[in-house]
Amino acid sequence: MKKKVNRLRQQSGAWILIAFIGLLSAWPSAYSNAQTEKLSAPVTLKAEAILLTTVLQQLQQQTHYIFSYDQPQLSAIRLKQVNWRNTPLGTVLEQLKAQTGVDYTVLGKNIAVALVRASSSSGKEQPGKLTGKITDAANGEILIGSGIRVGSKGAASNEQGIYTLELPEGTYIAEASFIGYKNNRIAPVTIKAGTTTRLDIALQRQEGKLQEVVVTALGIKKDEKSLGYAIQKVDGDEVSSAPTNNWINALSGKVAGLTLNKVGGPLGSSDVVLRGDNVLALGGSTALIVVDGVPISTAQSGTGNGPLVDADSPVDFGSSLSDLNPEEIESITVLKGPGATALYGSRASNGAIVITTKSNNKTKGWGVYANTVQEISQVNRWPDYQYEYGAGGGGARYYSYGNTVDGNSLQTATAAWGARFAGQSYFQYNSPIDPVTGQRTERVPWVPYENAYKGIFRNGFTSTNTIGVAGPNMRAGITYLKNNWITPNSGFSRVSAWLSGNQKISNKVTISGKLNYNRKFSDNLPAQGYNNQTIMYYVNQTAPNNNVEWNKPMWLPNQEQVAQQSPFWPGMDNPYLISYEMLNGTDKHDVIGNINAVVQLTPRLSLSLRSGMDLNYEFRTQQRPMSTYKFKQGMYRQQSVFRIENNSDFLLKYDNKLPGGIKYTASFGGNQRFNDYKYTDNRADNLVIPGVYNLGNSRDPVVTIPDRASFLVNSLYGFLNLNFREKVFLELTGRNDWSSTLPKQNQSFFYPSINASVLLDKLVKLPQFVSQAKFRASYASTGVDARTAYTFLENYSSTSFPGSLTSPGTLPNKNLKPQLTNAIEAGGDFRFLNSRLGIDWSVYRNVTNNQILSLPIDGASGYSNAMVNIGKVQNKGVEIMLTGIPYYNRDFRWNVTLNWAANRSKALELTTSPGSEGMLILYNVSWASIQVVAQEGKSFPQLYGLGLKRTPDGQVIYDNSGLPLLTDTLQNRGSISPDWQGGIKNELSYKGLRFSFLVDIRQGGKMMSYSHAIMAANGKLRETLPGRETGIVGPGVVQKADGTYVPNTTNVSAATYYSRYFNYTNMEANVFSTSFVKLREVTLNYDLPKKWLKGTFIKQLAVGVYGRDLFNWTKFPMYDPETATMNGSQIMAGIEIGQFPSTRAIGANLKLDF
Amino acid sequence: MRRIYFILILIVACTTACLKSLDDYRIDPEAVNGAQPSSFLSNTLYTLTTTVIRAGHTTNNQLMQVAATKNNGNGPDRYRILPSVFTVFWNPLYKQLRNIETMLDLAQKRNDVNYEAIAYTLKAWAGSILTDTHGDIPFSNALLGAEQNTTPVFDTQQQVYDSLLVYLERANTLYNVNKVLSGEDLLFNANQNVANVLKWKKFTNALHLRLLMRIAHKSTVYADQLKAMLADPGKYPLMNSVSDGASLYYTNIIPFQNPYYSTRDFDFNGSDNYAKFFIDYLKEVQDPRLPVWATKTGSTYSGIPTGFPLSQQDAISGTVFSTYQLGLKTSSYLGSILQYAEQEFLLAEACLNGYMADDAKKHYNNGIAASCSYWGVTSIPDAFLSHPKVAYNGTMEQIITQKYFALFENGFEQWFEYRRTGFPVLNKGEEMYNDGVMPSRLCYPNTELTFNRANYLDVVKRIGKDDINTKVWWQQR
């Protein structure tokens, strides 16, 4: 009997395999489809006195259903007569049932047929028992907690791996399942009343679960268990199912140890940091981004302006990274530390994000795929504005637009210390005007307008539509994205097209190639930061009684393009003028492509050749109309930015075995990296004719600011992989770089790495519930060349005066050495209960020495900065990833993934810099007394600023007029770095329905909010309401002339008090924790059952809705604690300067395959 | 098969850049080498002047009660000086001193005496502003970054002054007034007109006069030098007219623009309105320069009382005061280095104090006329000249007070002169910081403690305290 069953299983091996491949992708839906499918296949058979078994064999041939049955049981049954002509199978089976007393059970393409013993013969018939052991087919180990389902009943195996089920007599199909294993169906299973039937079931491991193949450095695919360093794989779905404008932001909360320093705005650029900042420069610790084996450019090339009232405002133009199309990302591997990235060399010392784009179909035919995503976004959190008092400088408890009988004009007041909204009326902007005198003639009600701050924002809208074809050797498609951002007239559109293909051109040679072309276009990307011409400047400066609609129309009557209407303080440019006339346009072409050839020279020796490039050209324009606050005569500037990054590689690989079963792979390769940058900025900063924006309309000679830089890095590397009987893995690597960014005598540098992985579960006998116990460890050293070219050359630079030169601000270093990062890492990947529970943990320590930095030095040396090799920074930390399946059954499944990471950075040595004395200033706004520094012995970066002056016992000291005094020197105001970050994702699926939500948490870390300083010091926030009517006596003391302290008793007006207390120079009042809990992502997807699509041209259809950044729980007073500031082309964390609000997005998508 | 290999190799080769060596990428394509001494004049002169003018506009004008801020009592007008103010000159002026050093070096190598003299003059000017602002500064040991000395020791102010006097003495002897400059000259146009080389020489000597006058009281050596200089106008020619004055006259064509040309109006005259002292004095004496400088409030002019009680903040915020004429922001006149008027007041003082045998009144009146002329006042009303406060009465106070108005928008010179002479007599507001005492210097930038700690600590030990009230050498009597 058992033998027979096994034979049947062997026969049906093919269908089991196919069925389970289906289950891998849509386990519940496949099952449910099978249950309810109509048995419509036609059957034609005419015979007399035919054996039932013969009939079943015929049915199997005609219908492609697989029939399983117990041959001896049915062998004696004969049918008198059958006569079917295109009769549906269902009818046939019903007839068989009626004629012979057999019953059948349909399970997918499998039909079990067995005799039904009439239960009518005995009313008190006992049920039978089915019991047995469920084991791993490979090693016979028991599988605790595995499930079995027979008919409508189910059970789970106990700690001995034994299951027991009671069943009425009959013939059944039994199905056993366990996480990480393929389901195994056994039929028929015959139960006899009152007896116990034994059925032991062995399950096959599911490939690709425990033995996951991952893409590592240089695009080499490896078995995950062989890796001696931490990686994390993220499916492409994670960045495309609830997409963000910059796809990388969708990784928030999903990768342990990943920090994204995000800039607001349509393109949402982020600085990608893994395992903490290890370079002592803001924005210097960016991870390397690799697409299909070829590094791409992450560089921002901003307009070079600061965020805080600079000549012009920075604009986020995005980068090749942000322009990638998430629809085409197959998977992402995050290589977290130098151990993983040693082979990438210099630029991957901060880790790497390796992206594999989708390639051609694995199935044979051609298919078309299409999807559409429509999304609406809105501001997700507002500061706590006050709407109780209107504009006024302080205590001026009236309002008057223009000088009137009520008093002097408060038209230009930007602070909100004025009159209370108490039902009274004043002469205001919207008062009736006498057409002759131009005077306002009537008082109108004094009321606040919520739209004063909020009205300039609108709902954003993003639409993404993709269509593509995929075939055996080719894939091509196009995506069109259109974004309207939340500020008026801003957003961008992007067309991405791709083509990939491969061709085996002989037995030994395979060629493949990929080409992505993106074109990004925008009429207006909003300017960032706190500056007259930014929207956020307006929002920070306006008052609650200033209806934003009063800024319409934006031009004064009959002075279109000549004079703006700026109804209140003229420093706030009209926000509609900012949106519709102060434009920042871009038109960017970006080609990312590669070509690959693999030549199998001998069965053991292969050669790969690859060349790839990221080439882009961008044309940008900025225009400012006449009468804008900073460009009275108008302005037009244009930049051409050309950038190419080219990488060519070869890699020779040799596989063989040593005696004793040790497999090895020896590889030797080389890379040449060429990078070229050409930039021209043409400026016409005064125009002649209003409203004409081109260089020809310049009043003065056009100023041209050129920049060019190119560099070349040649590398050779080798590595050796050893595999000791699939139990212990060892990898040794070495790489030597020759870089043109270093002086000739130091251009060459070598760095090695070693890593090992030990599968303890394979070496020793571990308890049954341990499915994998892997330990890993690595040591790596990475040399890094200078990030910019020419830093060792002493050159004069040109100035804006023709023929006039200036000496460099930065002292060049003729003996610049490469930076060196040494990293050790250890960790484990443990899986329990057949991988139902997994824990992956890493501990690491990275030390970066000899950092190549432009370090501020004493200006009296003749230079403000010096290129130096200084400093030693240590980052150590812990990363934990937990995966678990708390519950699952045939239809329902609940997955939980948790990641948690804590990093501690420490500046170990900064003293190697001449005179630096343990402090390194990374960002400095001297007039606002704001500094971001690295400080020896502390985590970095640290905030430095003034605070309240206090007595030795901590009481605040006030001056004689009752205002708090500030310290004389800058003091430490806390570390920017968070204590820890984590994310929890829950995924619930029921049949074709999948629901998931991700909660993202950050604890600790400080940020200075400049916007808060402005809003609070001007009385715009609710926290400035207490004491408005009574005045404020600050709690603390006053120092008398003899040095003693007496309590402060001076009452000062709220306006005076708060404007001192919250002034931006008092960093103490404007630094806040950046802790948050965010509901980052919620998705609900439904795969339509296949049967619904039957008879249509559609193969697969999925619909979904999603929400992103829905809620943001934090004590941070402004929009979002998770924000960074665009400072020229740097992204700077820790200080928020006129940040944009962040958005909540809700979207829907539809995916089709046909 | 072989063809395929060939194609492959070709594809790879074409997309690489291995046609060049690493060394080819060690040349900055945008760098300019082969500089001339003249290459360093225009930008240096412009940057130095505009840096000094800007700092004067924001800090000197408040300290010296030209202007006051309407806002929250945080400004230098109340003698509250934020650390950020300490950095106004340090890096920018040292950077330009580095350019001047390059000019000097190239001029000496090429034996170009006029550029050598100009370099010495500018070095003395920039150096004097740094030392008069901070006191002891790195000077003989400064600017040696390229020689790997990035932590220069501080010279005493006396040492600095001694060097400056040597430079000016040397510069005066170097000029070849028969040779035009080889490159653009924004100050005197001496590249177009050879006669104007003499203007450079006169500027050198007027600066020499300014510096000697500042320290003449410290030692008879300096007093004697001053006397000797004034006694020999043949050797030390001085300015004879307003047009000899050292001022940049901006064309306002990029890049030669008023430093405030492209900044916001607000940053020029937004919260900084004129102070009561400044306005009241000019109004009282019916000074014809007042309408050029200030806006009217209604029918008259009014200024903010310096150090007004903060309890009046609300009233002050709601009141309109005279502000800088917006025209100044784009005018050609905000580029004073050393005007003829200043020289005349120096001479008046020299006469008064016996360093020179001449008529103090003549120079005094010349000074007033020259300043009015500079600001475009063509006819000076008698009521003004004959006003008891203006008509020469032979006092130091009067000379320095009139000089104060002539030094309007001339960097920190008003403050330097006030610290030396105590004039003009300023109002003490009700609510001032620093016990109502005018700061005597600016502290060193707080980055000195970071970047040059040992030398900084040494100099602090020497001067006593790095404090705004520590008197610099020439203030110690």
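Structure report, in brief. (Residues numbered from 1 in each chain as written. Chains lettered and ligands numbered in written order. Predicted model: local features only at pLDDT ≥ 70, side-chain atom pairs only at ≥ 80, totals over all residues. Heavy atoms only, no water.)

## Digging into the overall build of chain A
We count it as follows: Think of it this way: any DSSP run of H or I at least four residues long counts as a helix, any run of E at least two long counts as a strand, and we number them from the N terminus. With C-alpha atoms as the basis for the radius of gyration, the globule rule is written as 2.2 Å multiplied by the number of residues raised to the power 0.38. Any residue under 20% of the maximum accessible area for its type is buried, any over 50% is exposed, and the rest in between are partly exposed; the area is computed with a 1.4 Å probe on protein chains only. Contacts: residue pairs with any heavy atoms within 4.5 Å of one another. All accessibility values rest on the Shrake-Rupley procedure with a 1.4 Å probe; residue burial counts only the protein chains present in the view. Counting rule applied: Lys, Arg positive; Asp, Glu negative; His and chain ends not counted. Taken as the charge location is NZ of Lys, CZ of Arg, CG of Asp or CD of Glu.
Tallying secondary structure elements over chain A gives 14 helices and 61 strands in all. Radius of gyration (C-alpha) of chain A: 35 Å, near the 32 Å computed for a compact globule of 1154 residues. In terms of overall dimensions, chain A has C-alpha extents of about 115 × 75 × 70 Å along its principal axes. Of all 1154 residues assigned to chain A, the portion counted as buried reaches 61%. Counted over contacts in chain A with a minimum sequence separation of 6, partners at least 24 positions apart contribute 69%. With an accessible surface of roughly 43,300 Å², chain A has 56% of that area assigned to carbon and sulfur atoms. Between the mean site of the 113 positive side-chain charges and the mean site of the 86 negative ones, chain A shows a separation of 9 Å.

## Overview of the pattern of salt bridges
What counts, and what does not: Note on definitions: salt bridges are taken to be side-chain nitrogens of Lys or Arg within 4 Å of carboxyl oxygens of Asp or Glu.
For the coordinates displayed, the defined rule picks out 75 salt bridges over all chains. Between Lys454(A) and Glu450(A) there is a salt bridge whose closest N-O contact spans 2.9 Å. Between Arg26(B) and Asp23(B) there is a salt bridge whose closest N-O contact spans 2.6 Å. Given a relative accessible area of 9%, Arg26(B) falls into the buried group. By sharing partners, the salt bridges in this structure join Asp132(B), Arg210(B), Arg214(B), Glu342(B), Glu349(B), Lys403(B), Glu413(B), Glu417(B) and Arg420(B) into a single network.

## Quick notes on the pairing of strand β7 (residues 147–150) of chain A
Residues and elements named next belong to chain A. Counted only if it meets this: Here, strands pair whenever DSSP counts at least two bridges between them.
Of the pairings in the sheet, the one linking β7 to strand β8 (residues 153–156) comprises four bridges and is antiparallel in character. Each residue of the ladder has a partner; that of isoleucine 148, found in β8, is alanine 155. Where β7 meets strand β10 (residues 170–177), four bridges bridge the pair, whose relative direction is antiparallel. Bridge assignment links isoleucine 148 to a residue of β10, and that residue is alanine 176.

## Quick notes on the nonpolar core
Note the cut-off: Among buried residues, the Ala, Val, Leu, Ile, Met, Phe, Trp, Tyr and Cys ones that are joined through side-chain atoms within 4.5 Å form a nonpolar core.
Membership of the largest hydrophobic core comes to 144 residues, with the highest contact counts inside it found for Trp200(B) and Tyr274(B). Beyond its immediate chain neighbours, meaning those up to four positions away, Trp200(B) contacts Leu41(B), Leu45(B), Ile118(B), Leu122(B), Tyr175(B), Leu181(B), Asp185(B), Leu187(B), Phe188(B) and Ala190(B). Ranked by size, the runner-up nonpolar core spans 112 residues in total, among them Leu853(A), Tyr863(A), Met1015(A) and Ala68(B).

## Points about the sheet that holds strand β46 (residues 930–935) of chain A
All names here are of chain A. Rule in force here: Fitted lines through C-alpha atoms serve as axes, helices being fitted only where they are in contact, and the angles separating the N-to-C directions of these axes extend from 0 to 180 degrees.
Read across the open sheet, the four strands follow the order β45-β46-β47-β49; overall the sheet is antiparallel. Both outer strands of the open sheet, β45 (919–925) and β49 (971–975), are each paired with one neighbouring strand and no more. The sheet shows a mean angle of 30° between the axes of neighbouring strands, direction not considered. With three bridges connecting them, strand β47 (residues 942–945) and β49 associate as antiparallel partners. By the bridge assignment, tyrosine 944 is partnered in β49 with asparagine 972.

## A word on the packing of aromatic side chains
In this description, a pair of aromatic rings is defined by centroid distance and the angle of the planes. To be explicit about the condition: Note on aromatic pairs: the rings of Phe, Tyr and Trp (six-membered ring only in Trp) are paired at centre separations within 6.5 Å, and the planes decide the class, stacked below 30 degrees, edge-to-face beyond 60, tilted for the rest. Charge-over-ring placement is defined geometrically: NZ (Lys) or CZ (Arg) within 6 Å of the ring centre, and within 35 degrees of the ring normal.
Under the definition given, this model contains 84 aromatic pairs over all chains. Between Tyr120(B) and Tyr167(B), the ring centres sit 5.4 Å apart and the planes meet at 25°, which makes this aromatic pair stacked. With Tyr120(B) in helix α4 (residues 113–134) and Tyr167(B) in helix α5 (residues 157–174), the pair connects residues that are 47 residues apart, well separated along the chain. Summarising the burial analysis for this pair, Tyr120(B) and Tyr167(B) share the class buried. A cation over a ring is seen here: Arg275(A) above Tyr844(A), with NZ or CZ 4.2 Å from the ring centre. The ring of Trp415(B) is capped by Arg419(B), whose NZ or CZ atom sits 4.3 Å from the centre of that ring.

## Some words on the interface of chain B and chain A
Threshold: Accessible surface is computed with a 1.4 Å probe, and the buried area is the amount of it that two parts give up when combined, taken over both parts together. N or O atoms within 3.5 Å of each other form a polar contact, as long as, within protein, one can give a hydrogen and the other can take it, and as long as residues adjacent in sequence are counted only when both atoms are side-chain atoms. Three categories are distinguished: nonpolar for Ala, Val, Leu, Ile, Met, Phe, Trp, Tyr, Cys and Pro, charged for Asp, Glu, Lys and Arg, and polar for the others, with Gly belonging to the last.
Across the boundary between the two partners, chain B contributes 84 residues, which contact 96 residues of chain A. A combined buried area of about 7,300 Å² lies between chain B and chain A, and 58% of that area is made up of carbon and sulfur atoms. Viewed at the interface, chain A and chain B are joined by three salt bridges. Glu30(B) is the partner of Arg708(A) in a salt bridge, and the nearest nitrogen-oxygen pair spans 2.8 Å. Here chain B is connected to chain A by 24 residue pairs in polar contact (both at pLDDT 80 or more). Tallying contributions element by element places helix α3 (residues 90–110) of chain B first for the side of chain B that touches chain A, with seven residues. Residues of the side of chain B that touches chain A, tallied by class, amount to 39 nonpolar, 30 polar and 15 charged.

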